[in-house]
Amino acid sequence: MRADELACRRGDRILFARLSLAVESGEALHLAGPNGIGKSSLMRILAGLMRPFAGSVAKSGAMALLDERPALDTHLPLGRALAFWAKVDRTQDGLLDEVCDRVGLADLLDVPVRFLSTGQRKRAALARMLAQGAPVWLLDEPLNGLDAASVANVEALVADHCADGGLCLLASHQPVGVAGLRRLDIADFRADFAA
Amino acid sequence: MIWAIFRRDLALLLGGGRRGGALLPILFFLAVAMLYPFAVGPDAQLLARTGGGVVWVAALLAAILPLDRLIEPDLELGFFDQWALRGLAEEATCAIRILAHWLSFAVPLMLAAPLAAGLLGLSGGQLLTLELGLLAGTPGLAALGVAVAAVTAGLRGGAALAGLLILPLSVPLLIFGAGSLSTGGEGGLALTAAASLVLVAAAPFAAGAAIRAARE
């Protein structure tokens, strides 16, 4: 995945400009910066959900996006809410259970999604994303609301994904402890002028 | 993939969950049909002459009720983003939703129509024309509902605005649909179907564009 000379405009403000990045398979990139700097907007531009104000994105491979919205039916038990995405993504039998074990949700599959805590919901969304089996991961603030053990778990998952030849872009205002993680500070591309 | 999405849409719209079910609009529809004789009196001739139009008005009003749960909840939860990420066009997901909405709203409505016709003292012939008119008109109404719900999703007071938007846009369906009852003619039904077809053809594109615009 690579992006050239991206600029993003929200309302009449340019959040960032002339931002270029390139990530190869097996690499992970940490998009860093304080709140409101445009991390999520950049993520959505890279995902193809928003058009950049300027610049272009080139990418190959299926993408999985994890953001603050879990995209799980809140009234359904977690197991059935995840099963919907397993059907959509044609996840292999057994992989979903494996993934739920990995993120520590195996005991919660009967609980309706609306009763889950913030951290549990985050892990549920993580399970949905893992089961998708996409080579490109776009993680927007994946560590928000997670406890220390889960944070370490996510870091391990990212490391494993990259070791398997996957690609990961990770936006977070927190430090992320993954070996070999490159860091891109979006504040370096801030444009302090109005459009 | 499409089958799974359709099944979820249908299950969501038919009932269950926190979003209310398909039953509420139907009860509302029957309540309007039941109230009308109380308001205008039990004159059987007057009821039979005006009853068909009342059923159409009741159907349009009932169509407003499910609008706020057609698109907005899934937009908020990120479902549409996830589908887009998997290469599904918004037009496709909206077309699926139109079909699911029609099945969960219009089919029960047509099943309830004989009951409403009985309450208003419509004749068998009128009931047949009414049912054919609803069959021709409700696909357009369902399509319009999804498009309007997509346009107003995420707006403050979106639900009220959706109701205001859908009523004038559904006037052609009402005129031709209810008109077919008084003339008893097939011309009215054909025109209802034509208006309905235009709406069904255009709505997925309007709804898809609205969902994309809501992301910006």
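Residues numbered from 1 in each chain as written. Chains lettered and ligands numbered in written order. Predicted model: local features only at pLDDT ≥ 70, side-chain atom pairs only at ≥ 80, totals over all residues.

## What about the overall build of chain B?
Secondary structure summary: chain B contains 10 helices and zero strands in total. When its helices and strands are written in sequence order, chain B yields α-α-α-α-α-α-α-α-α-α. By the compact-globule yardstick of 17 Å for 216 residues, chain B fits well, its C-alpha radius of gyration being 18 Å. Along the first, second and third principal axes, the C-alpha set of chain B runs to 60 × 35 × 30 Å. The buried share of chain B, taken over its 216 residues, is 48%. Counted over contacts in chain B with a minimum sequence separation of 6, partners at least 24 positions apart contribute 80%. (Helix = DSSP H or I, 4+ residues; strand = E, 2+ residues; numbered from the N terminus. Rg over C-alpha atoms; globule rule 2.2 N^0.38 Å. Buried ≥ 20, exposed ≤ 12 C-beta atoms within 10 Å, placed from the backbone. Contact = placed C-beta atoms within 7 Å.)

## Topic: the interface of chain B and chain A
Facing 17 residues of chain B, the contacting portion of chain A comprises 13 residues. Looking at the side of chain B that touches chain A, the elements that each hand over two or more residues are helix H1 (2-14) and helix H5 (79-85) of chain B. Among the elements that take part in the side of chain B that touches chain A, H5 of chain B stands out by supplying five residues, more than any other. Residues that form the side of chain B that touches chain A fall into these classes: seven nonpolar, four polar and six charged. (Nonpolar A, V, L, I, M, F, W, Y, C, P; charged D, E, K, R; others polar.)

## Comments concerning the sheet that holds strand E7 (residues 167-171) of chain A
Residue and element names in this part refer to chain A. Spatial ordering of the open sheet is given by E5-E6-E7-E3-E8, a layout of five strands whose pairing is parallel. The open sheet has two edge strands, strand E5 (63-66) and strand E8 (182-185), and neither has a second partner. Neighbour to neighbour, the strand axes of the sheet diverge by 15° on average, direction disregarded. Pairing between strand E3 (residues 28-32) and E7: four bridges, direction parallel. (Pairing = 2+ DSSP bridges. Axes fitted to C-alpha atoms, helices over the stretch in contact; angles between N-to-C directions.)

## Here's the deal with the pairing of strand E2 (residues 13-22) of chain A
All names here are of chain A. Judged from the six bridges that link them, strand E1 (residues 2-10) and E2 form a sheet pairing that is antiparallel. Pairing of Arg 10 across the sheet is with Arg 13, part of E2. Between E1 and E2, which pair antiparallel one after the other, the connecting turn spans two residues, and Gly 11 there sits at a positive phi close to 65°.

## Here we look at the confidence of the model for chain B
Confidence in the prediction of chain B, expressed as mean pLDDT, is 90, and 97% of residues score 70 or more. This prediction of the complex comes with two scores: 0.91 for pTM and 0.91 for ipTM. (pLDDT = per-residue confidence, 0-100.)

## Notes on the packing of helix H3 (residues 44-64) of chain B against helix H6 (residues 90-120) of chain B
Residues and elements named next belong to chain B. It is at 10 Å that the axes of H3 and H6 come closest, and there the two elements cross at 150°. For the element pair H3 / H6, the angle class is roughly antiparallel. Between H3 and H6 lies a crossing of right-handed hand. Counted together, Leu 47, Gly 51, Val 54, Val 55, Ala 58, Ala 59, Ala 62 and Ala 63 of H3 and Phe 105, Leu 109, Ala 113, Ala 116, Ala 117 and Leu 120 of H6 form the full contact between these two elements. Its residues placed into classes, the contact of H3 with H6 shows 13 nonpolar, one polar and no charged. (Parallel < 35°, antiparallel > 145°, perpendicular 65-115°, else oblique. Left-handed = near helix turned anticlockwise from the far one by under 90°.)

## A closer look at the packing of helix H2 (residues 78-88) of chain A against helix H4 (residues 118-132) of chain A
Pairs of packed helices are described in terms of their axes, by the angle between the two and the distance that separates them. Residue and element names in this part refer to chain A. Contact geometry of H2 with H4 gives a least axis separation of 10 Å together with a crossing angle of 30°. By the angle between their directions, the pair H2 and H4 is classed as roughly parallel. Our pair here, H2 against H4, has a crossing hand that is right-handed. For the pair H2 and H4, contact is made by Leu 78, Leu 82, Trp 85 and Ala 86 and by Ala 124, Ala 127, Arg 128 and Ala 131, respectively.

## Side note on H4 of chain A
The periodicity of an α-helix, 3.6 residues per turn, causes residues three or four positions apart to be oriented the same way. The end-to-end C-alpha separation of H4 of chain A is 21 Å, in line with the 21 Å expected for 15 residues at 1.5 Å each. Counting buried residues along H4 of chain A, 13 of its 15 residues qualify, which places the element largely inside the surrounding structure. (Expected span 1.5 Å × (residues − 1).)

## Observations concerning H2 of chain A
Burial in H2 of chain A covers these residues: Leu 78, Ala 81, Leu 82, Phe 84, Trp 85, Ala 86 and Val 88 of chain A. The secondary structure elements touched by the buried residues of H2 of chain A are helix H3 (95-102) and H4 of chain A together with H1 of chain B. One or two positions beyond H2 of chain A, positive phi appears at Arg 90 of chain A, with a value near 50°.

## Structural notes on the sheet that holds E1 of chain A
Residues and elements named next belong to chain A. Read across the sheet, three strands follow the order E2-E1-E4 without closing on themselves; strand pairing throughout is antiparallel. The two strands at the open ends of the sheet, each matched to only one other strand, are E2 and strand E4 (54-58). When strand polarity is set aside, the average angle formed by the axes of neighbouring strands in this sheet is 30°. By the bridge criterion, four bridges tie E1 to E4 in an arrangement that is antiparallel.

## A short note on the nonpolar core
Within the largest apolar cluster, 131 residues are counted, with the highest numbers of intra-cluster contacts made by Ala 127 and Leu 138 of chain A together with Val 55, Ala 59, Leu 109, Val 146 and Ala 150 of chain B. No other element matches the 14 residues that H6 of chain B contributes to this core. Discounting residues that sit within four places of it in the chain, Val 146 of chain B has contacts with Leu 70, Ile 71, Cys 94, Arg 97, Ile 98, His 101, Ala 203 and Ala 207 of chain B. (Core = buried A, V, L, I, M, F, W, Y, C linked by C-beta atoms within 7 Å.)

## Considering unusual backbone geometry
Residues and elements named next belong to chain A. A positive phi angle, near 50°, is found at Arg 18, a position not held by glycine. Counting through the fold element by element, Arg 18 comes out in strand E2. With 13 C-beta atoms counted inside 10 Å, the residue Arg 18 sits in the partly exposed group. Positive phi, close to 50°, is recorded for Glu 141, a residue that is not glycine. Glu 141 gets classed as partly exposed once you count the C-beta atoms within 10 Å, which come to 19.

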